[in-house]
Structure formats: C-alpha cells, structure tokens
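Architecture at a glance
Here's the letter readout for the chains.
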Amino acid sequence: AQGERRLVPIRSGAGRYEVWVGFGLLEEAGLRAAAAVSGRRALIVSDEQGGPLYLDLVAQSFRTAGFTVARLEVPAGEAIKALPWVERIYDAALDAELDRRSLMVALGGGVIGDLVGFAAATYMRGIPVVQIPTSLLAQIDASVGGKTGVHPARGKKLIGAFHPPALVLCDLDVLTTLPEREWRAGLAEAVKHGVLADAGYF
C-alpha cells in the first residue's frame with residue numbers, strides 16, 4: 001500500500017545494514033542516510049537515464065538532512081563499468097572534499113550500483129556507500145550483498161571488492177517508469193532467487 005515501509009535487516013559475513021522497501025523513500029533518503037552514517041558530505045552518482053528523473057529529488061533530500069551535496073551524472077550502459085569512470089568518480093569526490101567519514105550514493109540500476117560501490121570501496125581505502133536502486137533487477141540483486149566491481153579491457157568481473165552498503169533504499173515508486181523488458185528481467189531474477197533459496201519460498 002502507498003506509504004507502507006518494510007525493513008529487512010541484513011546480517012552476514014559481509015556486514016550489517018538495513019534494506020528498506022516501500023513507497024516514498026526517495027524523499028526520505030537524506031534522513032535515513034543521516035541515521036546510518038556519521039559524515040555529512042555526500043557525492044550522489046547517477047546516469048543520464050535515471051538522473052533527470054530522480055537526482056534533483058534525492059539531492060534535495062540530502063541537503064534537507066544537513067549534507068553538503070555534490071552530484072555526478074555519467075552515461076548509461078554497461079560500458080561505464082570501467083576504470084576510467086572510477087577515476088571520474090574519484091575526481092568528483094576529491095573536488096567535493098570527501099573524506100573517510102563522507103559517503104557516496106549510487107542512484108540507478110545495477111551498473112551504477114557496481115561502479116559507485118567499487119569507487120566507494122577503494123576511495124581512501126573505503127568510505128560508506130548508500131545504494132538507491134532504480135530498477136527491479138537492482139533492487140532484488142545488485143544493491144544487496146556488497147559485491148562491487150568493474151570490467152578491465154581483457155575480461156569481465158576481474159576487478160572488484162566486497163563492500164557492503166551502509167544502507168539500501170528500494171523505493172517502489174521508481175518502478176512505475178520501467179519498460180516491460182526491465183520488469184521481465186527483474187521478475188526472472190526473483191524466480192532465480194526462489195529456485196536457489198528453498199522450495200517453500202519458490
């Protein structure tokens with residue numbers, strides 16, 4: 001139902017963090033991040049697909065919560081999961097004077113989550129990252145678990161790090177903008193999780 005929230009606490013070897021699922025979470029992103037981290041500087045990274053839809057709203061929510069906010073918008077697509085784009089994020093973080101207590105925010109699908117998560121894992125040997133996935137597939141899979149990484153020129157999934165997020169916000173309102181193909185990809189991932197989990201869940 002509209003306005004409903006559900007908390008899923010994650011406790012594993014990779015770390016402990018909260019996953020919130022519900023409607024209207026983008027407007028609350030700054031307040032929820034402020035409760036999860038101590039720093040008050042944030043770099044929000046999105047792509048040219050999700051940025052025009054959500055970046056202003058999320059940036060304002062962080063400012064309202066007392067954060068100094070920097071923004072970076074990158075191209076959409078798998079090609080940006082590469083080290084040159086990690087360096088762009090490092091440059092934006094340095095320009096914004098992010099330190100060890102600051103955080104990065106991944107606002108987008110799985111590519112953004114992996115890219116920003118890896119940048120956060122390696123910037124100053126690791127700073128907090130908040131995952132705000134905007135696709136069903138990313139909400140189900142890429143935003144949780146702490147797997148991050150980029151692709152070098154000679155192969156996929158050769159560079160990465162486990163870096164659990166400080167917080168995950170799955171706002172169901174964003175799913176209304178998904179094309180049918182993205183819905184199908186996310187639902188297929190849900191079925192796969194059910195098969196891997198147990199018969200009752202499946």
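Just above sits the structure.
Notes on the structure follow. Please read all numbers here as calculations on a predicted model, not as lab measurements.

Quick notes on the rules
Residues numbered from 1 in each chain as written. Predicted model: local features only at pLDDT ≥ 70, side-chain atom pairs only at ≥ 80, totals over all residues. Heavy atoms only, no water. Pairing = 2+ DSSP bridges. Helix = DSSP H or I, 4+ residues; strand = E, 2+ residues; numbered from the N terminus. Buried < 20%, exposed > 50% of the residue type's maximum accessible area, 1.4 Å probe, protein only. Contact = heavy atoms within 4.5 Å. Core = buried A, V, L, I, M, F, W, Y, C linked by side-chain atoms within 4.5 Å. Salt bridge = Lys/Arg side-chain N within 4 Å of Asp/Glu carboxyl O. Axes fitted to C-alpha atoms, helices over the stretch in contact; angles between N-to-C directions.

Some remarks on the pairing of strand β4 (residues 68–74)
In this structure, strand β3 (residues 41–47) lies alongside β4, joined through seven bridges in parallel fashion. Considered in β4, the bridge of A42 is made with V69.

A word on helix α1 (residues 29–36)
Of all the residues in α1, the buried ones are A29, G30, R32, A33 and A34. Those residues of α1 hidden inside the fold are in contact with β1 (5–12), β2 (15–22), α2 (51–64), β6 (129–133) and β9 (167–171).

Description of the nonpolar core
Judged by nonpolar contacts, the single largest core of 28 residues is most densely connected at I44, V58, F62, F67, L103 and I132. Those elements that provide at least two residues to this core are α1, β3, α2, β5 (103–108), β6 and β9. The leading source of residues in this core is α2, at five residues. Setting aside chain neighbours within four positions, we find L103 in contact with V37, R41, A42, L43, F62, F67, L98, I127, P128 and V130.

A few points about the pattern of salt bridges
According to the stated counting rule, one finds seven salt bridges in the structure shown. Between D56 and R71 there is a salt bridge; the shortest N-O distance is 2.8 Å. Of this pair, D56 sits in helix α2 while R71 is found in strand β4, placing the two residues 15 residues apart along the sequence. Judged by relative accessible area, D56 falls into the exposed class, the value being 51%.

Things to note about the sheet that holds β5
Within the open sheet, the seven strands sit side by side as β1-β2-β9-β6-β5-β3-β4. Their pairing is mixed. Single-partner strands in this sheet number two, and they are β1 and β4. Ignoring strand direction, the axes of neighbouring strands in this sheet form an average angle of 15 degrees. In this structure, β6 lies alongside β9, joined through two bridges in parallel fashion. Residue pairing for β9: Q131 is matched across the bridge by V168.

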